[in-house]
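Structure at a glance
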Amino acid sequence: MMKKKVAVFFVLAFMAGFSVPGVQASDEVKMLKEQLEAMNQNIQKLQEKIIEIEKKNAEEIEEVEYLNDRMDKAELHTATDKLSLGIELRSRADTLHYSGMQAAPPALVNGFFTPYTSGGFNNATLTQIQQRIQNMAMAGMIPPTDEFDADNDVIFTNKFHVNMHAKVNDQLSFSGRMAAYKVFGDSSGVKFNQGSLGDITMDGNTSSLPHGDTLRLERAYFVYNNYWDNIPISFSLGRRPSTYGPPLEYANYSLEAGSPLGTIINWQFDGASLNFGLEEVTGIYGAALKFCYGVGFEGDWGNSYSLEASQPDVDDVHMFGFIATLFDDDSTSAVLNYAHAWDITDGFTGLTVMPFTVAKDPATGLYTFEQNTGGYISRMQPSTDIGDWDAASLLLRKNLYETFEKDIDLFLALSWSHTSPSQVSANPFYEIMGQGLLSSNGNLEDHDGYSLYAGAIFPMPFNGRLGLEYNWGSKYWFNFTGAEDSLVGSKLATRGSVYEGYYIQPIFGQNFFVKLGTRYYDYKYSGSGNPLGAPEEISELNALNALFPVADKVWDGYISATVRF
Amino acid sequence: MRKSIFFMLSMLLIVSIAGVGMANEPDGNDRKGKYTYKKVYKACAQRGEVDSSIPPLSPDSKTMAQWKRLFEKKDFEEFLCKEEWSQLSEGDIADIYAYLYKHAADSPTPAKCK
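Below you will find a few notes about this structure. Source: prediction; values computed, not measured.

1. Topic: the sheet that holds strand E12 (residues 350-353) of chain A
Pairing in this open sheet of three strands is antiparallel, and the strands run E5-E12-E15 (chain A) from one edge to the other. Each end of this open sheet is capped by a strand with a single partner; those strands are strand E5 (201-202) and strand E15 (377-380) of chain A.

2. Points about the sheet that holds strand E2 (residues 124-125) of chain A
All names here are of chain A. A sheet is described by the order of its strands in space; here three strands give the open sequence E2-E14-E13, paired in antiparallel fashion. Both edges of this open sheet fall to E2 and strand E13 (356-360), since each of them pairs with a single strand only. Relative to strand E14 (residues 366-371), E2 is paired through two bridges, and the arrangement is antiparallel. Across the sheet, the residue bridging to Thr125 is Leu366, located in E14.

3. Description of the nonpolar core
Within the largest apolar cluster, 51 residues are counted, with the highest numbers of intra-cluster contacts made by Ile129, Ile265, Phe369 and Trp389 of chain A. Mapped onto this core, the elements with two or more residues apiece are helix H3 (106-111), helix H4 (126-138), strand E10 (317-328), strand E11 (332-345), E13, E14, strand E16 (385-399) and helix H8 (428-432) of chain A. Counting residues in each nonpolar core, the second largest holds 23 residues, with Val40, Phe71, Ile93 and Cys113 of chain B among its members.

4. A short note on the environment of Val295 of chain A
Residues and elements named next belong to chain A. Position of Val295 among the secondary structure elements: in strand E9 (residues 288-297). A residue is classified by how much of its surface remains accessible, and Val295, at 25% relative accessible area, is partly exposed. Sequence-distant contacts of Val295, that is, excluding residues within four places in its chain, are made with Phe269, Asp270, Val317 and His318.

5. Some remarks on the state of the cysteines
Residues and elements named next belong to chain B. Under the definition given, this model contains one disulfide over all chains. There is a disulfide in this structure between Cys44 and Cys81, and the S-S distance comes to 1.9 Å. Between Cys44 and Cys81, the S-S dihedral sits near -90°, and the bridge is therefore left-handed. You can see Cys44 sitting in helix H2 (residues 30-47) and its partner Cys81 sitting in the loop between helix H3 (64-73) and helix H4 (82-86), a full 37 residues away along the chain. Across this residue pair, the class does not change: Cys44 and Cys81 are buried.

6. Thoughts on unusual backbone geometry
Generally, phi is negative for residues other than glycine and the peptide bonds are trans, each holding for most cases. Residues and elements named next belong to chain A. The linkage connecting Pro246 with the following residue, Pro247, adopts the cis geometry, with an omega of 0°. Along the polypeptide, Pro247 turns up in the loop between strand E7 (231-239) and helix H5 (249-252). Notably, Asn123 is not glycine yet its phi reads approximately 60°, a positive angle. Inspection of the secondary structure assignment puts Asn123 in the loop between H3 and E2. Positive phi, normally seen in glycine, also occurs at Tyr253, with a value near 50°. Overall, the relative accessible area of 18% leaves Tyr253 in the buried class.

7. With respect to the pattern of salt bridges
Residues and elements named next belong to chain A. Applying the stated criterion across every chain, the model contains 32 salt bridges over all chains. Between Arg397 and Glu256 there is a salt bridge, with its nearest N and O atoms 3.0 Å apart. Separated by 141 residues along the polypeptide, Arg397 in strand E16 and Glu256 in the loop between H5 and strand E8 (270-277) bring together distant segments of the chain. Salt-bridge contacts for Lys491 lead to Glu500; the nearest nitrogen and oxygen are separated by 2.8 Å. Side by side, Lys491 and Glu500 carry an identical accessibility label, which is buried. Taken together, the shared-partner salt bridges in this structure form one network comprising Glu469, Glu484, Lys491, Glu500 and Arg519.

What counts as what
- Residues numbered from 1 in each chain as written.
- Chains lettered and ligands numbered in written order.
- Predicted model: local features only at pLDDT ≥ 70, side-chain atom pairs only at ≥ 80, totals over all residues.
- Heavy atoms only, no water.
- Pairing = 2+ DSSP bridges.
- Helix = DSSP H or I, 4+ residues; strand = E, 2+ residues; numbered from the N terminus.
- Core = buried A, V, L, I, M, F, W, Y, C linked by side-chain atoms within 4.5 Å.
- Buried < 20%, exposed > 50% of the residue type's maximum accessible area, 1.4 Å probe, protein only.
- Contact = heavy atoms within 4.5 Å.
- Disulfide = S-S within 2.5 Å.
- Salt bridge = Lys/Arg side-chain N within 4 Å of Asp/Glu carboxyl O.

Set out below in structure tokens:
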């Protein structure tokens, strides 16, 4: 009983402890309630946020899945396409002015269509024709040339390149280029023959000179890289990057676009190369040695010769050469290029419109001449191996940035050519003139030719570039630069002098630039760039030397816009 | 003829004036950048850090956008040769950037280091 009382007392006392200050207890309860409510609200907000995050997360997961899906497609696309493409498009306007052109007068040309019995050359044998020419020469009856000027005030062209590249792996790569080059409003692809190799649509120039709107294969080759005892080696096979070589990159506002020096070879062909990087073993900056091989003409089945015994006996034209980089530290460089071609032919297979045709009857030996009044297209083909050709070129380049802090480029190329004729051409036209490799009248003699090419490129405001170039070629100078991008003819094949100045203005970096330039040809000898016939001094030409028109001085002004990406 | 040439010249002049300076390219000197870049790796190779004096990254190793990002972040780890890179001035780096950018894989003139 006593214990009960004590317990009741303590409970009452304990309750009294809380209830005695009644106001204070209710405040605390209220505060607790408020805290609970705040907590509830926070929890509610947190729950909302969690829901929101979960929703967002779900959206992001969906987005990632979507991106993954797209990336997979892109990866698959990249992995299977394997080829990256680039485009270059140049639109250009040229104004061409020929002065002092020389051509045989109609009185002489008509003699080829006049029967032999009436005093002409038609239906005569080789001996009769040559005898009559000799008699005319002795009697002073070969007339002088007619002189005239010719102008093409403006001619527009579009040049289009599709560049291809693929890196298969670190050791194997592929490069190629498809090209179309056309004159505005013309897609014939065949030109009238004025006596230049550039007037014939042939394997060596199809993509490099205007030939209509056909897309053609200019380059396609693979490169295999490896090491041979610490020497980097690369082997390449296919249609070669043999056009627009050094030092033409300055005027093209590009990097080096070809292997052989543009001074001796600017010509499309198929072949192979083997390159040795010698910098590490020699300690000479940039030292390298590249051997090159090419076939300029296929003499059998590939060129649609018949398999009959009467087909011309023409060998394949093989070419071999080397390119030795003697030094190249990006500021200064010296490169030596040598090439030799065996059994050059008296032309290359191609199409052209001849002013007249010459035919020889194998049974009677009679020559007939016929005017091409209908503008019919002729298929040209070689008939004779006319000899061998050698050429060498040394190119020296210097950039003055490190010396003078001025981004000025200078270059100088000295070149030599040697021709060894083997026989007179069996082509009826060349045969009556006794023409062979740089020779006429049957005089088969070796000749050396020389050339000089110099240029300077200066920086101008707004990243512009001003280029000044000069080149000169001697009487017997001959190179294979028929693919040079020029409507007049290869300036680097000129026997005489050519002056050129140009201004390149980038508009959107290297993606878009314009070029304004002028080029002046001052020919001294006939037949520049043509392997057939002895060069004759322009001032001493007679009508027989000018059955095709011969240019004396040509001025070409041009302006172009180029887009590359 | 004169009309055609006058028309062409006028067009090109207008395009040139409107377009010059629009290119969003790096300001550095790409020519100088090329020399500096090669110099870095010659020194680095002589020091023995890398086997070859040919830079490990050629301009065509990356796209223009990738070079831009790399130089904006100044993350030069991939280039190796930290010692040489740390000694380069801001100007030198800008020149190297200009060289790599202008010859990137997707540029009009992609290039390899020789």
